[in-house]
Amino acid sequence: MKDKRDGGNNASTGMLLGMAIGIGIGTAIGAATGNIGLYMPIGLSTGMALGLAVGSAVNNNDDDDEGEE
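About the criteria used
Residues numbered from 1 in each chain as written. Predicted model: local features only at pLDDT ≥ 70, side-chain atom pairs only at ≥ 80, totals over all residues. Heavy atoms only, no water. Helix = DSSP H or I, 4+ residues; strand = E, 2+ residues; numbered from the N terminus. Buried < 20%, exposed > 50% of the residue type's maximum accessible area, 1.4 Å probe, protein only. Contact = heavy atoms within 4.5 Å. Areas by Shrake-Rupley, 256 points an atom, 1.4 Å probe, with all protein chains shown as cover. Patch = residues over 30% accessible without salt bridge, like charges linked within 9 Å, V, L, I, M, F, W, Y side chains within 5 Å. Salt bridge = Lys/Arg side-chain N within 4 Å of Asp/Glu carboxyl O.

(A) Local environment of the overall build of the protein. When its secondary structure is counted, the protein shows 2 helices and 0 strands. By residue count, 14% of the 69 residues in the protein fall in the buried class. Across the protein, the fraction of contacts at a sequence separation of at least 24, relative to all contacts at a separation of at least 6, is 65%. Of the roughly 4800 Å² of accessible surface on the protein, a fraction of 64% belongs to carbon and sulfur atoms.

Right, dumping it as structure tokens:
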């Protein structure tokens, strides 16, 4: 059975984490190459996509585990 106090939706949590990591990596690459304006949005969008995918996968695994109890 799922705990209702788990802090929210895994997909949105994954997206937020992905955004934070992606913008950090994009900014670092942009600073190293001298083109922050290009790499910051690339890092942000890549992080959002990966975070959403990971959050959805975790959410699907949680749904599969409900029948086992």
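(B) Representation of a nonpolar patch on the surface. On the surface, Leu17, Ile21, Ile25 and Ile29 cluster together into a nonpolar patch covering about 370 Å² of accessible area. By relative accessible area, Ile25 is classed as partly exposed at 49%.

(C) Summary view of the environment of Thr27. Inspection of the secondary structure puts Thr27 in helix α1 (residues 10-33). For the pair Thr27 and Gly43, spaced 16 residues apart in sequence, the C-alpha separation works out to 7.5 Å. The contacts of Thr27, once residues within four sequence positions are left out, are Ile36 and Met40.

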